[in-house]
Amino acid sequence: MSTDDVLRRSVTVTPGPEDAFRLFTAGLGEWWPLATHSVGREGSRGVVLEPGVGGRLVETLPDGGAAVWGTVTAWDPPRRVAFTWHPGTPEAEATQVEVTFRPDGSGTVVELAHSGWARRADGDRARVSYGSGWRLVLGAFAERAGTLPSEGEEKQGQAGPERGAPRAQP
C-alpha cells in the first residue's frame, strides 16, 4: 500500500442532501462517537464544525480546553465540505478529508475521501486505522440520520428503525 492512496467510505442515508449536509456539519456534535473517536475520549464535552472556509473542527476537552482537529478548506452546501484533519497530531501532519453529498432516489449518498497520508510519519499505519475508524464514524452518522424524516415525510414525523442505515459501504 502507498501512503498516497485515497481512503474512501460511503453511506446512503434517507434524508435529502440539504438535511444530510446540515447534520454532518452543524449537527456534528449530535452524532460523532466522542467516547471512542476523539482526543478527550469518554470525558470529551463536545465537538463543533464552524461553518465556512476557515472554520475549525474543535473538540471541547474534559478540562474545558480545546483540541483543534482541522480547518475547513471547502464549503459548498449541500454538495461538499472539505477540511484538514489532524486530531491529536501536529498540524504539520494534517491530512485532507472531503465529504460529498449526492442525491440518490429519495436519499443521499455521502462519500468521504481521506488523502494526504504521506504527510504523516505513520501514514501507512494511520490509513489502515482510519479505514475501520471512518466506517464506524459514518455508521454513527447514518444511525443519527435515520431519525430524520426523508424528503417526502413531515418534518415532525419520526423515522422507522431501519431509516438511515447504510445501504452501501465498501
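For the structure, see preceding data.
Predicted model only: the values in this text are computed from it and were never measured. (Residues numbered from 1 in each chain as written. Predicted model: local features only at pLDDT ≥ 70, side-chain atom pairs only at ≥ 80, totals over all residues. Heavy atoms only, no water.)

Colleague: Just give me the short version of the packing of aromatic side chains, but keep the residues and values in it.
Modeller: This model, assessed by the stated rule, comprises 15 aromatic pairs. The interplanar angle of 65° and the centroid separation of 5.1 Å between the aromatic rings of Trp 31 and Phe 141 together place this pair among those described as edge-to-face. One end of the pair, Trp 31, is in helix H2 (residues 28-31); the other, Phe 141, is in helix H3 (residues 123-145), with 110 residues separating them in the sequence. By relative accessible area, which is 5% here, Trp 31 ends up buried. The buried category is assigned to Phe 141, whose relative accessible area is 0%. Taken together, a centroid distance of 5.9 Å and an interplanar angle of 50° make the contact between Phe 83 and Trp 85 tilted. We note that Phe 83, like Trp 85, is buried. (Phe/Tyr/Trp six-rings, centres within 6.5 Å; stacked < 30°, edge-to-face > 60°. Helix = DSSP H or I, 4+ residues; strand = E, 2+ residues; numbered from the N terminus. Buried < 20%, exposed > 50% of the residue type's maximum accessible area, 1.4 Å probe, protein only.)

Colleague: Break down helix H1 (residues 17-25) for me, with residues and values.
Modeller: For an α-helix the count is 3.6 residues per turn, leaving residues at separations of three or four pointing the same way. Most of H1 is tucked away, with seven of its nine residues classed as buried. Looking only at H1, the buried set comprises Pro 17, Asp 19, Ala 20, Phe 21, Leu 23, Phe 24 and Thr 25.

Colleague: Let's hear about the environment of Val 97: which residues, and what values?
Modeller: Mapped onto the elements of the fold, Val 97 is located in strand S6 (residues 95-104). Taking the C-alpha atoms as reference points, Val 97 and Phe 83, separated by 14 residues in sequence, lie 5.4 Å from one another. For Val 97, the contacting residues outside a window of four places in its chain are Val 81, Ala 82, Phe 83, Trp 85, Leu 112, Ala 113, His 114 and Trp 134. (Contact = heavy atoms within 4.5 Å.)

Colleague: I'd like a rundown of the sheet that holds strand S3 (residues 56-60), residues and numbers included.
Modeller: Strand order across the open sheet formed by seven strands is S1-S7-S6-S5-S4-S3-S2, with antiparallel pairing between neighbours. With partners counted over all chains shown, the strands left at the sheet margins are strand S1 (7-13) and strand S2 (46-49), one partner each. Ignoring which end each strand starts from, the neighbouring axes of this sheet average 20° apart. Pairing of strand S4 (residues 66-76) with strand S5 (residues 80-85), which is carried by four bridges, proceeds in the antiparallel orientation. Bridging from a neighbouring strand, Trp 75 pairs with Val 81 of S5. Here H1 sits on the sheet in contact with S1, S2, S4, S5, S6 and strand S7 (107-115), set at roughly 155° to S6. Set on the sheet, H3 makes contact with S1, S5, S6 and S7; between it and S1 the angle comes to about 15°. (Pairing = 2+ DSSP bridges. Axes fitted to C-alpha atoms, helices over the stretch in contact; angles between N-to-C directions.)

Colleague: Account for the nonpolar core, with residues named and values stated.
Modeller: One finds Trp 31, Trp 32, Phe 83, Trp 85, Val 99, Trp 134 and Phe 141 to be the most contacted residues of the largest nonpolar core, which totals 37 residues. The greatest single-element share of this core, amounting to nine residues, is contributed by H3. Those residues within four positions of Trp 31 in sequence are excluded, and the remaining contacts are Leu 23, Phe 24, Val 137, Ala 140, Phe 141 and Arg 144. (Core = buried A, V, L, I, M, F, W, Y, C linked by side-chain atoms within 4.5 Å.)

Colleague: Pulling in residues and values, what's your account of H3?
Modeller: A rise of 1.5 Å per residue sets the reference length of H3, with its 23 residues, at 33 Å; its end C-alpha atoms lie 31 Å apart and thus fit the reference within 8%. Residue Tyr 130 marks the point of greatest curvature in H3, where the axis turns by about 25°. (Expected span 1.5 Å × (residues − 1). Bend = angle between axes of the 7 residues up to and from the residue.)

Colleague: Mind laying out the pattern of salt bridges, listing which residues take part and the relevant values?
Modeller: By the definition in use, this model includes seven salt bridges. Between Arg 144 and Glu 30 there is a salt bridge; the shortest N-O distance is 2.7 Å. Of this pair, Arg 144 sits in helix H3 while Glu 30 sits in helix H2, placing them 114 residues apart in sequence. Here the residues in one salt-bridge network are Arg 120, Asp 122 and Arg 125, joined through shared partners. (Salt bridge = Lys/Arg side-chain N within 4 Å of Asp/Glu carboxyl O.)

Colleague: Help me get a handle on the side chain of His 114, residues and values and all.
Modeller: Within the secondary structure, His 114 sits in strand S7. You can call His 114 buried: its relative accessible area is 0%. Polar contacts involving the side chain of His 114 include one to the side chain of Thr 95, which spans 2.6 Å. A polar contact of 2.7 Å, which involves the side chain of His 114, links it to the side chain of Trp 134. In this structure, His 114 is in contact with Asp 5, Val 6, Leu 7, Trp 85, Thr 95, Gln 96, Val 97, Tyr 130 and Trp 134, ignoring residues within four places of it in sequence. (Polar contact = N/O pair within 3.5 Å; in protein donor to acceptor, adjacent residues only side chain to side chain.)

All we've got here are geometric facts, nothing functional implied.
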